[in-house]
Amino acid sequence: MAKRALVSVSDKAGVVEFCKSLVKNDYEIISTGGTYKLLKENGVGAIEIDEVTKFPECFEGRVKTLNPYIHGGILHKRDKHKEEAEKLGVEGIDLVCVNLYPFKETIERTDDFDEIIENIDIGGPTMVRSAAKNFNDVIIVTDSNDYDKVIDALKNNKNTLEFRRDLMIKAFEHTANYDSMIANYMNGRFNNGFGDYQFITGKKSFQTRYGENP
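Residues numbered from 1 in each chain as written. Predicted model: local features only at pLDDT ≥ 70, side-chain atom pairs only at ≥ 80, totals over all residues. Heavy atoms only, no water.

**Student:** Is there a simple way to think about the layout of surface pockets in this case?
**Tutor:** Here the largest pocket is characterised by a volume of approximately 860 Å³. Taken together, 23 residues form the lining of the largest pocket, with Thr 142, Asp 143, His 174, Asn 177 and Lys 203 sitting closest to its centre. Of all the elements in the fold, those that place two or more residues in the lining of the largest pocket are helix H6 (103-109) and helix H10 (161-190). Residue composition of the lining of the largest pocket, grouped by class: six nonpolar, nine polar and eight charged. (1 Å grid on protein atoms, 1.4 Å probe; cavity = no way out; pocket = protein on both sides within 12 Å on 5 of 7 lines; lining within 4 Å. Points joined across faces, edges and corners; volume = space filled by probe spheres on them. Helix = DSSP H or I, 4+ residues; strand = E, 2+ residues; numbered from the N terminus. Nonpolar A, V, L, I, M, F, W, Y, C, P; charged D, E, K, R; others polar.)

This is how it looks when you write it as structure tokens:
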């Protein structure tokens, strides 16, 4: 029986080849909106999200993945909740590939608050966090630079708990950085730069040796 991958990305670099490789590794693709359209245009078989949710995308795209068939599929424990999932008609989602609405790029490009608000992702972080929480059973992919590594793991029996755990940590870093950026922006716009919290995030450039302070 084919496993299922949910793929919904704002940054579409490399996603077509990634999904083609997933299909070759016996994954069925579920997708949304622009990602679904791109995959179909490039000959990748995919199921549109509302076939799974049994509910149409609505409210100008604000609600499309917030649904028990999606989050139940991601979050149920395969060793403990299988019978309940079958009773509810929930099928497992075994890989989630999501990156988020481009909030940073939007605030750099425009001061239009309505447009900025629409580029705050809700469903994306929820799916990322669901998949990361259930890393025991689900692969979470948030970085296109990891596509080759994930395919290699699937092809060469490297899809270990430790492998999924590393992706889980990266996923929570991804959503934490995203939410910190939004909170800092809102405080900058409305609270002269400071609310109750100010968040400082950064990315490691390189690993220093013990005792080394460059």
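Having put the structure on the table, let's press on.
**Student:** Just checking my understanding: could you explain a positive patch on the surface for this structure?
**Tutor:** A cluster of basic residues, Lys 77, Lys 80, Arg 129 and Lys 133, forms a positive patch at the surface. Note on placement: Lys 77 falls in the loop between helix H4 (68-75) and helix H5 (82-88). (Patch = residues over 30% accessible without salt bridge, like charges linked within 9 Å, V, L, I, M, F, W, Y side chains within 5 Å. Areas by Shrake-Rupley, 256 points an atom, 1.4 Å probe, with all protein chains shown as cover. Salt bridge = Lys/Arg side-chain N within 4 Å of Asp/Glu carboxyl O. Lys, Arg positive; Asp, Glu negative; His and termini not counted. Charge placed at Lys NZ, Arg CZ, Asp CG, Glu CD.)

**Student:** Would you take a moment to explain the sheet that holds strand E2 (residues 27-31) for this structure?
**Tutor:** Backbone-to-backbone hydrogen bonds pair the strands of a sheet. The strands run either parallel or antiparallel. Spatially, five strands are ordered E3-E2-E1-E4-E5 in an open sheet, and the strand pairing comes out parallel. Looking at the sheet topology across the chains shown, the edges are occupied by strand E3 (47-48) and strand E5 (139-141). In the sheet, strand E1 (residues 3-9) pairs with E2 via five bridges, with the strands oriented parallel. Of the residues in E2, the one forming a bridge with Ala 5 is Ile 29. Contacts from helix H9 (residues 147-155) reach E1, E2, strand E4 (95-99) and E5, with the element oriented near 160° to E5. (Pairing = 2+ DSSP bridges. Contact = heavy atoms within 4.5 Å. Axes fitted to C-alpha atoms, helices over the stretch in contact; angles between N-to-C directions.)

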